[in-house]
Amino acid sequence: MAEERRKKTVLVVVAHADDMEFMAAGTVARFIRDFGYPVYEYILTDNSRGSYRLSGPELVAVSAEEARAAGRILGLEEVRLEGYRDGELDRVPPGELRGKIMAMIREVRADIVMSWDPFAPYEDHPDHRAVAMATLEAAAFASNPLFHPEHAAPPHMPTEAYWFAKSPMNARLFVDISAVMDLKVAALLAHDCQMVLTVDALVREARALGVDLPMLENLEEGAHGALVEMGIRQHCARVGAEAGLECAEQFRHEKFGMLDMVLGTDFVRPDFA
Ligand SMILES: [Zn+2]
């Protein structure tokens, strides 16, 4: 008889509405569909700087709605937006950010945390660096009752982390997302204003390079998603090829605590190993 799987709760902590969909939505879909794990998403900023076209207040409303739509596609338990100003998470006192994330870990009883890798190199976004470090620290101390005793929920210990990065380092866990690739794409494309932003950014890059790309410049309304879809499918195929898989997402998997090290055991294992 197969060993019974310990049921885990997953908390994804990100800076922006579309971070999870780009980096980890396939793995999230597998947690939910294959294992029945509840997954919560905690978005720290208000996404108010993610456009060349919309105003800040417009973006706050649109991106929140799109994040909830993507959450429904994936089957998330909840999408919670904290509303710190986009692009300025590094100006929030580190202890405050850590406390907010720790409270969320304790409230949902997160066993697995997923976020930007605090130690991956070359990350240029201050929000990604801030949320990454705060998530690591919050997870490491959430079980200690002397940290934030004012929290409503009691202390709780997450046992593992899935760290993702634009330039992954020591990220040896490849999750096969071939069967849920369409779901990842659907969740990503729910972020319509971010698909437009992605293409607008590519247009500006082409101009900076002096490259003439009329195909990008004259893209019809509604065609932005198709272009990003092509890109993300190619990206996940390239990541998968590194591990002999059709499509994959890549993580640095970390165990919290020391039990396995002290006893020489292997109690904490990634579900996809
Ligand atoms: Zn982001």
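The sections below set out a description of the structure shown in this document. Sequence order sets the numbering: in each chain, residues are counted from 1 along the sequence as written. Residues qualify for local features only when their pLDDT is at least 70, as the model is predicted, and side-chain atom pairs are given and counted only at 80 or more; totals for whole chains, interfaces and linings, by contrast, use all residues. Hydrogen atoms and water are omitted, and side-chain values are computed over all heavy atoms in the structure.

### Concerning the packing of aromatic side chains
- Ring pairs shown here join Phe, Tyr and Trp side chains whose ring centres sit within 6.5 Å, with only the six-membered ring taken for Trp; geometry is labelled stacked below 30 degrees between planes, edge-to-face above 60, and tilted in between. In the structure shown here, the tally under the stated rule is ten aromatic pairs.
- Ring centres of phenylalanine 141 and phenylalanine 147 lie 4.7 Å apart, and the angle between their planes is 25°; this geometry places the pair in the stacked category.
- For phenylalanine 147, a relative accessible area of 30% puts it in the partly exposed group.
- Put simply, the rings of Phe31, Phe35, Tyr37, Tyr162, Phe251 and Phe272 pair up and form one aromatic cluster.
- Above the plane of the ring of tyrosine 52 lies arginine 204, whose end atom (NZ or CZ) is 3.9 Å from the centre. Buried, partly exposed and exposed residues are distinguished by accessible area as a fraction of the type maximum, computed with a 1.4 Å probe on protein chains only: under 20%, between the cut-offs, and over 50%, respectively. Geometrically, a lysine NZ or arginine CZ counts as sitting over a ring once it is within 6 Å of the ring centre and also within 35 degrees of the ring normal.

### Focus on a nonpolar patch on the surface
- Residues qualify for a patch when their relative accessible area is over 30% and they have no salt bridge, like charges being joined within 9 Å and the nonpolar side chains of Val, Leu, Ile, Met, Phe, Trp and Tyr within 5 Å. Only the protein chains shown count as cover for residues, and all accessible areas are computed by the Shrake-Rupley method using a 1.4 Å probe. Salt bridge, as applied in this entry: a Lys or Arg side-chain nitrogen positioned within 4 Å of an Asp or Glu carboxyl oxygen. Judged by side-chain polarity, Met258, Leu259, Met261, Val262, Leu263 and Phe267 come together as a nonpolar surface patch covering roughly 710 Å² of accessible area.
- Along the polypeptide, leucine 263 turns up in helix 9 (residues 259-263). Here a strand is any run of E in DSSP of at least two residues, a helix any run of H or I of at least four, and the numbering for each starts at the N terminus.

### Points about the packing of helix 2 (residues 56-74) against helix 6 (residues 192-209)
- At a minimum axis separation of 8 Å, helix 2 and helix 6 run at an interaxial angle of 115°. What the angle tells us is that helix 2 and helix 6 run roughly perpendicular. Contact residues: Leu59, Val62 and Glu66 in helix 2; Asp192, Cys193 and Gln194 in helix 6. Helix axes are fitted to C-alpha atoms over the stretch in contact, other axes to C-alpha atoms as well, and angles between N-to-C directions run from 0 to 180 degrees. These descriptions rest on fixed angle ranges, namely under 35 degrees for roughly parallel, over 145 for roughly antiparallel, 65 to 115 for roughly perpendicular, and the rest for oblique. Note on definitions: a residue-residue contact is assigned when non-hydrogen atoms from the two residues lie within 4.5 Å.

### Some words on the state of the cysteines
- Cysteine sulfur atoms that come within 2.5 Å of each other are treated as a disulfide pair. One pass over the structure, following the stated rule, counts zero disulfides.
- Among the cysteines around cysteine 236, which has no disulfide bond, cysteine 247 carries the closest sulfur, lying 6.3 Å off.

Nothing here speaks to function; it is geometry throughout.
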